[in-house]
Amino acid sequence: RNKEMKKYIGNCSDAFDWDQIIQKFDEKQVSHKKYEEGSTASKEIDDAWAESKESVDFFTYHTGEAYDPDLDKRFGEWIGCEPYMAWFSKMGTGKSCGQHEDKEIAERIESEGKNMNDFVRYHVHVTEPCMGGVLIIEKDCYHMEDKGSVWEWSTPDALHLGVNAGHKTKVLYHFVGKKK
């Protein structure tokens, strides 16, 4: 794994109207995630979160269901790679998502006989910065990032978590692409 972390790519706000995109989310086309035993990286983490189940609560919005897949294509062109998987995550005030790896990324890549090293993951902060909205990827913390800021992950399935102790909903766009 590449351990180079906190790789800032740039700001894409001039190319994408994030407010308009997230405003169109249809609440019916959403995946509501709550505490689920076995969904974290270890039994120790599962046991710890079992005691605060009510705080584990976030939503994901998937391409083709909640938003137009053209967005992924346009972002892929902007970033310079072929879209593979993408989604939005939304977390309200006082909510969190315990540390986990997005195992479905590795599972899909492996099931298709592809190599994880051919893929890269990015996230975009699509809402205005608000104190308390935090994303942690391995050792790096992302807090008060500018709207539209784009960051590259060390690996598509890196260990991460999110917490929103702020007073505004936090929304991120996640994009996994095949390197060109």
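Here the structure is a predicted model, which is why all the values come from computation and not from measurement.

### What about the pattern of salt bridges?
For the coordinates displayed, the defined rule picks out eight salt bridges. Between Glu 145 and Lys 6 there is a salt bridge, and its shortest N-O distance comes to 3.8 Å. On the criterion of sequence distance, the pair formed by Glu 145 in the loop between β8 (140–143) and β9 (149–152) and Lys 6 in the segment before β1 (7–11) is long-range, its members being 139 residues apart. For Glu 145, a relative accessible area of 13% translates into the label buried. Under the relative-accessibility criterion, Lys 6 is labelled partly exposed at 32%. Where Glu 152 meets Lys 7, a salt bridge forms, and the shortest distance between an N and an O atom there is 3.5 Å. Highlighted residues: Glu 152 in strand β9 and Lys 7 in strand β1, separated in sequence by 145 residues. A network of salt bridges, in which partner residues are shared, links Asp 19, Glu 128 and Lys 147.

### Description of the nonpolar core
In terms of nonpolar packing, the biggest core is built from 23 residues, with Trp 18, Phe 75, Phe 88 and Tyr 173 touching the most fellow members. Where this core is concerned, the elements lending two or more residues are α1 (18–23), α3 (70–79), β4 (81–91), β6 (119–125) and β11 (170–179). Once residues within four sequence positions are removed from consideration, Phe 75 is found in contact with Cys 12, Phe 16, Tyr 122, Val 124, Val 150, Tyr 173 and Phe 175. Core analysis: the second largest hydrophobic core is formed by nine residues, Tyr 84, Trp 87, Ile 109 and Met 116 among them.

Conventions we followed
Residues take numbers from 1 onward in each chain, read along the sequence in its written order. This being a predicted model, a pLDDT of at least 70 is required before a residue's local features are given, and a value of 80 or more before pairs of side-chain atoms are given or counted; all residues contribute to the totals for chains, interfaces and linings. The side-chain quantities take in all heavy atoms of the structure and omit both hydrogens and water. A carboxyl oxygen of Asp or Glu within 4 Å of a side-chain nitrogen of Lys or Arg is what we treat as a salt bridge. Helix numbering and strand numbering both begin at the N terminus, where a helix is a DSSP run of H or I of at least 4 residues and a strand a DSSP run of E of at least 2. Burial here depends on accessible area, computed with a 1.4 Å probe over protein chains only, as a share of the maximum for the residue type. Under 20% is buried, over 50% is exposed, and the range in between is partly exposed. The term nonpolar core refers to a set of buried residues drawn from Ala, Val, Leu, Ile, Met, Phe, Trp, Tyr and Cys, joined through side-chain atoms within 4.5 Å. Should any heavy atoms of two residues lie within 4.5 Å, those residues are considered in contact.

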